[in-house]
Amino acid sequence: MAAGSHSFKRVVLGLQPQTSDRMMRLAVDLADLLELELLGLFLEETGLRDLASIPFAREFRPLGGGWHPIDLDRLSHDMEISARSRERMFAEAAKRLAARSRFAVVRGSTAETIASISQTTDIVMIAEPVSPAERVTQQFSWLIEAAFHSAGAVMIVPSRVARTRGPVAAIAAAPDDPCIATAAEIAIAANEELVVVAAYESTSDDLPICKLAAGAALTIKHIAVGKIPPSDPAAFSRALNELKERLVVMTRDVHKHDVALGMASARHVPILVIEPLQIADGGAATH
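Residues numbered from 1 in each chain as written. Predicted model: local features only at pLDDT ≥ 70, side-chain atom pairs only at ≥ 80, totals over all residues. Heavy atoms only, no water.

Student: An account of the overall build of the chain is requested, with residue identities and associated values reported.
Tutor: Within the chain, the regular secondary structure consists of 10 helices and 14 strands. Counting every position in the chain, which comprises 287 residues, the buried fraction comes to 48%. Considering only residue pairs separated by 6 or more positions, the chain has 74% of its internal contacts joining residues 24 or more positions apart. Of the roughly 13900 Å² of accessible surface on the chain, a fraction of 53% belongs to carbon and sulfur atoms. (Helix = DSSP H or I, 4+ residues; strand = E, 2+ residues; numbered from the N terminus. Buried < 20%, exposed > 50% of the residue type's maximum accessible area, 1.4 Å probe, protein only. Contact = heavy atoms within 4.5 Å. Areas by Shrake-Rupley, 256 points an atom, 1.4 Å probe, with all protein chains shown as cover.)

Okay, here's the thing in structure tokens:
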């Protein structure tokens, strides 16, 4: 990738029992578009087994099943079946990536697993559950927290994706926000327009954006919206208005993960949250 952007090498797809084949296809499409490796990671959180060992712990079974003690043997059996099913779905979806894809089942703490596996060149991809009830489960909370504490960038994919074509939007907190260069690289790969949403006091001649426009083989649209409270996802969503973007890119130290989750739900498009670039000795930007 160009100077000032992130050199991604791998997509890490966090798989849960409810992860759909549509989500897997989106991960494959992203890896294919950016020529990245793809790791499908089925996470069996040991916290569930710990919970099952508590005598008063209960699970709710749908379709009139009601509340019952958690059956550890049943839980283990269900997880094994789910892992095998997701592996078959993953293999089918990732066929065109050939040797660039891999599936793994990992048992342990979700936070520790993601922390040990993730690298600064990863995009950790997390799917928002379809059911509102599943979005408030402990499993999803563990997965989100682990992803946003990982070394890599995080992509939140909403339960319903409105479109897979359209501009790539960068919500920039400063003229040199690294999300601009990252969004530009993705826009070039996808043959799409780049839209820079300037969420700061900007001018029409912001130097980094002007330089990017002069040297990049893409169309750039600049929208100045002024300063937006970093904790207000609705304000960010309104700033995009009728853009009909396919992807939004933001920088992590500026926007909290609840903003990214809110944006994904409101805009119905994936939200990529990147790490800020660090300046190494000698002035070179690193990640």
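Student: Describe the confidence of the model for the chain, listing the residues and the values that go with them.
Tutor: Counting all residues, the mean pLDDT for the chain is 80, and 76% of those residues have values of 70 or more. Within the model, the stretch residues 279–287 combines pLDDT values under 50 with 15 contacts to residues more than four positions away or in other chains. (pLDDT = per-residue confidence, 0-100.)

Student: Give a detailed account of the nonpolar core, specifying residues and quantitative values.
Tutor: Residues Leu13, Leu38, Met125, Met155, Leu194, Val249 and Leu272 are the most contacted members of the largest nonpolar core, which totals 46 residues. At eight residues, the largest contribution of residues to this core is made by helix 1 (residues 21–34). If we ignore the near neighbours within four places in the chain, the residues touching Leu272 are Ile123, Ala153, Val154, Met155, Thr182, Ile186, Leu247, Val248, Val249 and Met250. Counting 38 residues, the second-largest nonpolar core is a separate cluster that includes Ala104, Leu143, Met263 and Val273. (Core = buried A, V, L, I, M, F, W, Y, C linked by side-chain atoms within 4.5 Å.)

Student: Please give an account of helix 10 (residues 257–267) that cites residues and values.
Tutor: Turning to helix 10, its buried residues are Val259, Ala260, Leu261, Met263, Ala264 and Arg267. Two residues or fewer after helix 10 comes His268, characterised by a positive phi angle close to 60 degrees.

Student: Describe the pairing of strand 7 (residues 153–157), listing the residues and the values that go with them.
Tutor: Most of strand 7 is tucked away: five of the five residues are buried. Side chains Ala153, Met155 and Val157 project from strand 7 onto one buried face, and the interleaved Val154 and Ile156 project onto a second face that is buried too. The pairing of strand 7 with strand 12 (residues 271–274) spans three bridges and is classified as antiparallel. Note on strand 12: the bridge partner recorded for Val154 is Val273. (Pairing = 2+ DSSP bridges.)

Student: Please give an account of the packing of helix 9 (residues 233–240) against helix 10 that cites residues and values.
Tutor: Contact geometry for helix 9 and helix 10: axes closest at 8 Å, N-to-C directions at 45 degrees. Regarding the angle of helix 9 to helix 10, the classification is oblique. As for the relative orientation of helix 9 and helix 10, their crossing is right-handed in sense. Residues Pro233, Phe236, Ser237 and Leu240 of helix 9 lie in contact with helix 10, whose contacting residues are Val259, Gly262, Met263, Ala266 and Arg267. (Axes fitted to C-alpha atoms, helices over the stretch in contact; angles between N-to-C directions. Parallel < 35°, antiparallel > 145°, perpendicular 65-115°, else oblique. Left-handed = near helix turned anticlockwise from the far one by under 90°.)

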